Amino acid sequence: MARVLLVDDDPSLREVLAFTLREGGHEVVLAGGGEEGLAAMETSRPEVVITDLKMPGIDGLQLLERVRAIDPAIPVILLTAFGSIEDAVEAMKRGAHDYLTKPYNREELKVAIDQALERRRLLIENRELRSRLREQTRRIDIVHASEAMTRILEIVRRIAPTDATVLLTGESGTGKEVIAHAIHAESDRWERPFVAVNCAAIPKDLIESELFGYVRGAFTGAVKDKPGKFQRADGGSLFLDEIADLPAELQTKLLRAIETRQVDPLGSSKAVDVDVRLIAATNADLDQHVREGTFRSDLYYRLNVIPIRIPPLRDRPDDIPALWDHFARRYAGDSPVRTSPELLQTLMQLPWPGNVRELANLAQRMVLLRRSDRLDRDDLPSDLSPPPHRGGPDEFLGPLPETGLPLFELEREVIVRALAKYGGNRTRTAEYLGIPRHVLNYRLEKFGIE
């Protein structure tokens, strides 16, 4: 049974209806008008509201709007005379659950309340499910340990709620599409589609129809209308991967779609409105493409609103142990698998030209071909490049100063040159020097090296 707020300015009808509701097992809160009903809303928090349509002051329609503003899950049933049925129908268009004509029928009243309570239950259940789904969806579950990736994810959280266009750059396999998914998941568009298009994988003669769609009869074989990727992503996010490979003739059309928020399907004379959040990605140097004239500068500036560069895996070796453990567990399933420290050390020294994708493929291969529960350095495939030879200091750092310098100055010079060689990357510098990272940090502080 439910708590029912009954609002009617007719005392006799109000009391008779209240008696009927109490007979049905409901708890009834009475109000003699709209103002009184709103006050009761705050104190009683009813599960159903039954209100007369025509009342002085705040009438039934105004009360309906106020109740829905307080809690859309509270159903409102209107009581109306025969002459105001049109008003009741209008009220239902505004969100009322049902209406009953005076004099009311007891059975109709019971059915209306039961249906209202069921609708309320479903709305609350849906609200809770959506809330749980939102929490699960918006979690940026990107395995990382490096400062570089932490900074990137902080940027993602800041810009995701906006509609700003994002340009992701980085080598192939660094995880650009994963970041694009994270931007979509953190945005207000998370319930709408995320549509990905690889501009390099679609033949040039098909990419226009894939992006913008076509109408029946646009060309031979177009037997029915087909929406393009822009229309499929309407309300959500459109991810254009390998944007540098977009043909020159389509760059103009893409620019127009971004500026007007409309697309022109092939064969149609009517533009279609679209609402998409655009995320583009490339492993190419778009600046160079612009200088060479193969990529429109105005399109580049439209795409490059929020630039995010994802560094290659070799420049963020701190991520390798966490990523390796993640992939090894994924491919091992329920089977136990361990990784030796020697293998991890070797993995952190490899160049990884294929980046995270290459690391994942290696983990899958080694887990599936493993001979025991322990993965060791000897299990590495023979075709995998060994760590580069470190060589002597003259080979990599250039000739050191003439002897006669104090040892600490010589040590300081070696550290400075090694840092410069690796662009300030402490992890790779420590590996090159053959010392733990914390020892390098101690030396940097000791020698006052910024």
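Residues numbered from 1 in each chain as written. Predicted model: local features only at pLDDT ≥ 70, side-chain atom pairs only at ≥ 80, totals over all residues. Heavy atoms only, no water.

A few words on the layout of surface pockets. Counted as a void, the largest pocket has a volume near 690 Å³. Lining the largest pocket we find 32 residues, and of these T174, G175, E177, V178 and V356 sit closest to its centre. Broken down by secondary-structure element, the contributors of at least two residues to the lining of the largest pocket are α7 (176-186), α13 (319-332) and α15 (355-368). Looking at the lining of the largest pocket, the element that brings in the most residues is α7, giving 8 residues. When grouped by side-chain class, the residues that make up the lining of the largest pocket number 14 nonpolar, 9 polar and 9 charged. (1 Å grid on protein atoms, 1.4 Å probe; cavity = no way out; pocket = protein on both sides within 12 Å on 5 of 7 lines; lining within 4 Å. Points joined across faces, edges and corners; volume = space filled by probe spheres on them. Helix = DSSP H or I, 4+ residues; strand = E, 2+ residues; numbered from the N terminus. Nonpolar A, V, L, I, M, F, W, Y, C, P; charged D, E, K, R; others polar.)

Inspection of the secondary structure puts S187 in the loop between α7 and β7 (194-198). The exposure class of S187 is buried, given its relative accessible area of 1%. At 2.7 Å, the side chain of S187 forms a polar contact with the backbone oxygen of H184. Among the polar contacts made by the side chain of S187, one reaches the main-chain amide nitrogen of R189 at a distance of 3.1 Å. (Buried < 20%, exposed > 50% of the residue type's maximum accessible area, 1.4 Å probe, protein only. Polar contact = N/O pair within 3.5 Å; in protein donor to acceptor, adjacent residues only side chain to side chain.)

Here we come to the nonpolar core. The biggest cluster of nonpolar side chains holds 30 residues, and the ones touching the most others in it are F230, L238, L240, I243, L246, L254 and L303. Among the elements that make up this core, the one with the highest residue count is helix α10 (residues 248-260) (5 residues). Dropping the residues within four chain positions of it, L240 is found in contact with V197, C199, L211, L254, L278, I279, A280 and A281. (Core = buried A, V, L, I, M, F, W, Y, C linked by side-chain atoms within 4.5 Å. Contact = heavy atoms within 4.5 Å.)

Another point: the packing of aromatic side chains. Going through the model one piece at a time under the given rule, you end up with 5 aromatic pairs. A centroid spacing of 5.6 Å and a plane angle of 50° characterise the contact between Y300 and Y301, whose relative ring orientation is tilted. Note on Y300: relative accessible area 9%, which makes it buried. Lying across the ring of Y422, K421 places its NZ or CZ 5.0 Å from the centre. (Phe/Tyr/Trp six-rings, centres within 6.5 Å; stacked < 30°, edge-to-face > 60°. Lys NZ or Arg CZ within 6 Å of the ring centre and 35° of its normal.)

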